[in-house]
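Per-entry structural report
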Amino acid sequence: MGDLADLKLAIIDVETTGPSATGDRIIEIAIQRIEEGKIVRTFSSLVDPQQRIPSYIESLTGITNEDVAGAPTFRSIHEQMDSLLNGCIFVAHNVRFDYGFISNEYSRLGFSFSAPCVCTVRLSRRLYPQYRRHSLSDLIERFQLPCAQRHRALDDAQALWVFLQIAQQQCGADRFKKAIGALLKTPMLPPHLDASDLQRLPDAHGVYIFYDAVGQPLYVGKSRSVRARVLSHFSSDYASSRKMRFCQATARIESHATYGELGALLLESQLIKTLAPLYNRQLRSQRQLAIVRQLSGARRLRIWPYPSAVVLEEADLQHRAGHVFVIDNWRLVKALRYDEEGMAEFLPPQAGFDYDIYKILLAHLLRNGRSVKPFRPC
């Protein structure tokens, strides 16, 4: 499958009141249904978003609040859309955006929506790697695609259909078919993210960091399987607009494997504090912590259950490499990484009490108390 003559496609473009699939709404939608390499149905309509269109969106699209007054709501057109989308591959430029809005509009009506997707940004990157830019405006200029007015749904959708035909003709049916097939087998990745980043992710405990195109840390997370967790970010229906925003902006993923969950939790906590990623909830500041301790009372904190410092270790199956943590009075005194080449610092020592580290250590000791060893300085 992959040749245009073999595919049922729904080429879609939506214009919206803003970027949030949960907070903003569709103001215009266009769908071209393609079967056997031909347009068999076209649907285009303004949509009443049931909220105000911001002035910058009016300037961008040319669609005003007066234009959508009296236009059909999504509820009134969704049955027409059902017949257009049924059995088709969902095709859009930066498909995560359009798919997120359509999916959330269906959710508001109490229905679920699901469809296989192809992103024409990613298709362009696969077929034309010699070019750096793959926005729809770039494709229109590069291939002289017909588009009477940018940021109008039908004009943009029509331009995409012409692009698909040109791409298959220029690149050949076999290469085009393989590219489509590969996109159908992968999650809906952000348009700026290189798929090879996913191949390097460890299938093990660790921490991952999402960065945007200019190197700004967006999100830090941890998992028992970094690869599976990262893929899960890109395979949901994006009910969360917050999640949709940071996934859309991701251009690079960095990962750090650990030898167990404790190392991943401690590293995640340290990276959130030092990198201050945009979409993580900020951990308590030391000032907030002091207030919490005053309000809750020190007796709410567990008394350190050991006479002195203890050692916790996480290692590979052969115990040839791992992490060693020295803990005293709920503080991380030392965190080292060792392997056959020697030993090095894994995390900086903790200067003072940290409530987040306390919670991590308490939970770990409650589950793994038998693995604790007394610390014996060399």
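In what follows, the accompanying structure is described. (Residues numbered from 1 in each chain as written. Predicted model: local features only at pLDDT ≥ 70, side-chain atom pairs only at ≥ 80, totals over all residues. Heavy atoms only, no water.)

**Re the layout of surface pockets**
Each pocket or cavity is described by its volume, and for the largest pocket that value is around 660 Å³. Residue lining of the largest pocket: 26 residues in total, with H93, N94, F97, R150 and H151 positioned closest to the centre. Secondary structure elements with two or more residues in the lining of the largest pocket: β1 (8-16), α1 (55-61), α4 (95-108), α5 (120-127) and α6 (136-143). Per-element tally for the lining of the largest pocket: the top contributor is β1, with four residues. Among the residues making up the lining of the largest pocket, the classes are represented as seven nonpolar, ten polar and nine charged. In this structure, the second largest pocket occupies an estimated 270 Å³ of space. Every residue lining the second largest pocket is counted, 16 residues in all, and those nearest its centre are Q270, K273, P348, Q350 and D354. Residue contributions to the lining of the second largest pocket peak at five residues, all from helix α12 (residues 261-275). When its residues are assigned to classes, the lining of the second largest pocket shows eight nonpolar, six polar and two charged. (1 Å grid on protein atoms, 1.4 Å probe; cavity = no way out; pocket = protein on both sides within 12 Å on 5 of 7 lines; lining within 4 Å. Points joined across faces, edges and corners; volume = space filled by probe spheres on them. Helix = DSSP H or I, 4+ residues; strand = E, 2+ residues; numbered from the N terminus. Nonpolar A, V, L, I, M, F, W, Y, C, P; charged D, E, K, R; others polar.)

**A word on the sheet that holds strand β6 (residues 206-211)**
What the three strands build is an open sheet, ordered β7-β6-β8; its pairing is antiparallel. Either end of the sheet is taken by a strand with one partner, and the two such strands are β7 (217-223) and β8 (252-257). With direction set aside, neighbouring strand axes in the sheet form an average angle of 15°. Direction of pairing for β6 relative to β7: antiparallel, over a ladder of six bridges. Looking at β7, one finds that Y208 is bridged to G221. Together, β6, β7 and β8 form the strand contacts of helix α10 (residues 226-233), whose direction differs from that of β6 by roughly 35°. With respect to the sheet, α12 is in contact with β6, β7 and β8, its orientation differing from that of β7 by roughly 165°. (Pairing = 2+ DSSP bridges. Axes fitted to C-alpha atoms, helices over the stretch in contact; angles between N-to-C directions. Contact = heavy atoms within 4.5 Å.)

**Focus on α10**
Inspection of α10 places V226, V230 and H233 among the buried residues, and these make up the whole buried set. Taken around the axis of α10, the buried residues stretch over an arc of 50°, which confines them to a single face. (Buried < 20%, exposed > 50% of the residue type's maximum accessible area, 1.4 Å probe, protein only. Arc of directions from axis to C-beta.)

**A word on helix α14 (residues 355-368)**
The end-to-end C-alpha distance of α14 is 20 Å, a good match for the 20 Å that 14 residues give at a rise of 1.5 Å each. Buried within α14 we find D356, I357, Y358, I360, L361, L362, H364 and L365. Tucked inside the fold, the buried residues of α14 contact α12, β9 (310-315), β10 (322-328) and β11 (331-339). The N-capping residue of α14, defined by a side-chain oxygen 2.8 Å from the backbone nitrogen of D356, is D354. (Expected span 1.5 Å × (residues − 1). Polar contact = N/O pair within 3.5 Å; in protein donor to acceptor, adjacent residues only side chain to side chain.)

**Re the packing of α5 against helix α7 (residues 153-171)**
Direction vectors running N to C along α5 and α7 enclose 20°, while the axes themselves pass 12 Å from each other. With respect to α7, the axis of α5 lies roughly parallel. Between α5 and α7 the crossing geometry is left-handed. Here α5 contributes T120, L123, S124 and L127 to the contact with α7, which in turn contributes L160, F163, L164, A167 and C171. The residue inventory of the contact of α5 with α7, partitioned by class, reads seven nonpolar, two polar and no charged. (Parallel < 35°, antiparallel > 145°, perpendicular 65-115°, else oblique. Left-handed = near helix turned anticlockwise from the far one by under 90°.)

**Things to note about the sheet that holds strand β2 (residues 26-35)**
The sheet built from five strands is open, its strands ordered β3-β2-β1-β4-β5 with mixed pairing. The sheet is open, and its two borders are formed by β3 (38-46) and β5 (117-119), each paired with just one other strand. Taking each pair of neighbouring strands and ignoring which way they run, the sheet shows an average axis angle of 20°. By the bridge criterion, nine bridges tie β1 to β2 in an arrangement that is antiparallel. Counterpart to L9 in the pairing with β2 is I34. Running over the sheet, α4 touches β1, β2, β4 (89-92) and β5 and is turned about 85° from β1.

**A few points about the nonpolar core**
Core analysis: the largest hydrophobic core is formed by 31 residues, its most contacted members being L123, F163 and L164. Of all elements in the fold, only β1, β2, β4, α5, α6, α7 and α8 (173-185) reach the threshold of two or more residues within this core. Among the elements that take part in this core, α7 stands out by supplying ten residues, more than any other. In this structure, A264, W330, I357 and Y358 belong to the second largest nonpolar core, which totals 30 residues. (Core = buried A, V, L, I, M, F, W, Y, C linked by side-chain atoms within 4.5 Å.)

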